[in-house]
Amino acid sequence: MYTKDHWDNVYATKDFNSVSWYAPHLDKSLQLIEEICPDRAAAIVDIGAGESTLVDDLLLRGYGDLSVLDISATAIEFTKRRVDQLGDKSAHVNWHVGDITQYKFGPKQFDLWHDRAVFHFLTDPAARAAYVNTVRRSVKPGGHVLIATFGPDGPLQCSGLDVVRYDQKKLQQVLGDGFELLGSEITSHLTPMGSNQQFLYCWFRVGR
Ligand SMILES: C[S@@+](CC[C@H](N)C(=O)[O-])C[C@H]1O[C@@H](n2cnc3c(N)ncnc32)[C@H](O)[C@@H]1O
């Protein structure tokens, strides 16, 4: 099954709060975004946002230049409908449907790139290289990249798909030159099924 079909099928058949990656709020992401990028005018993109509430929470915290991308149009439609309920604030969000390994945001560049639980699905080195090229094109020089993957003791699969687990050294190596590691943190995610998944958050500054 193509990646897009896989994810559309997941979002068409499962309740938003029953998937293993569900959390009512992405608290660790929110905390780090506010620390790394306190400027409410910053351009922030959430890669592979799915149906997460991160965009709602950023709007409610006053961020005013948000972009949301996912490969699944089903997920984007669901999230957009929810965000529309926030009224005028929803006008601050640009919606994108596409595969991040091939996507072009056009001339727009971001101050902060956020990815929770997407990069680790790229098991093909060529797809990882394409992702990194997209980051280089899309993030302003001096901007930041915040990526959360499964950690060294995290699961080997998610949503029935193989994943790659990372420690900070391995993630830094895959991103390559031009990404300065500013910090990292191991966290634990409690799934709706009651199990714990180890995540690694790493944040980088993109070279000027
Ligand atoms: C495990 S979910 C995480 C969703 C969200 N980031 C969160 O933390 O709740 C992975 C998400 O990545 C999206 N995705 C997977 N591969 C992708 C790709 N190549 N390009 C864009 N989105 C992708 C899926 O549709 C799904 O919404």
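Read on for an overview of the structure. Note that the coordinates shown come from a computational prediction; the quantities given were computed from them, not determined experimentally.

## Describing the packing of helix H1 (residues 3-13) against helix H4 (residues 73-84)
Okay, step 1: Taken N-terminus to C-terminus, the directions of H1 and H4 make an angle of 40 degrees; their axes are 7 Å apart at the nearest point. Taken together, H1 and H4 sit at an angle that is classed as oblique. Of the residues in H4, those in contact with Lys4, Asp8, Tyr11 and Ala12 of H1 are Ala73, Thr74 and Ala75.
Okay, step 2: Its residues placed into classes, the contact of H1 with H4 shows four nonpolar, one polar and two charged.

## Side note on unusual backbone geometry
Okay, step 1: For Ala117, which is not glycine, the phi torsion reads 65 degrees and is therefore positive.
Okay, step 2: Mapped onto the fold, Ala117 is located in the loop between strand E4 (110-116) and helix H5 (125-138).
Okay, step 3: If you check the backbone angles, Ser159 has positive phi at about 55 degrees while not being a glycine.
Okay, step 4: The residue Ser159 is located in the loop between strand E6 (157-158) and strand E7 (161-162) in this model.
Okay, step 5: In this structure Ser159 comes out as partly exposed when scored by relative accessible area, which is 22%.

## Here's the deal with the packing of aromatic side chains
Okay, step 1: Scanning all chains against the criterion turns up 14 aromatic pairs.
Okay, step 2: Between Phe16 and Tyr22, the aromatic rings sit 5.8 Å apart at their centres with planes inclined by 80 degrees, giving edge-to-face as the arrangement.
Okay, step 3: Classification of Phe16 by relative accessible area gives partly exposed; the value is 37%.
Okay, step 4: Given a relative accessible area of 24%, Tyr22 falls into the partly exposed group.
Okay, step 5: The interplanar angle of 70 degrees and the centroid separation of 5.0 Å between the aromatic rings of Tyr103 and Phe105 together place this pair among those described as edge-to-face. For the pair formed by Tyr103 and Phe105, the shared burial category is buried.
Okay, step 6: Each member of the aromatic cluster is reached from another via a ring pair, and the members are Tyr103, Phe105, Phe110, Trp113, Phe119, Tyr131 and Tyr166.

Scoring rules and cut-offs
Residues numbered from 1 in each chain as written. Predicted model: local features only at pLDDT ≥ 70, side-chain atom pairs only at ≥ 80, totals over all residues. Heavy atoms only, no water. Axes fitted to C-alpha atoms, helices over the stretch in contact; angles between N-to-C directions. Helix = DSSP H or I, 4+ residues; strand = E, 2+ residues; numbered from the N terminus. Parallel < 35°, antiparallel > 145°, perpendicular 65-115°, else oblique. Contact = heavy atoms within 4.5 Å. Nonpolar A, V, L, I, M, F, W, Y, C, P; charged D, E, K, R; others polar. Buried < 20%, exposed > 50% of the residue type's maximum accessible area, 1.4 Å probe, protein only. Phe/Tyr/Trp six-rings, centres within 6.5 Å; stacked < 30°, edge-to-face > 60°.

Nothing here speaks to function; it is all geometry.
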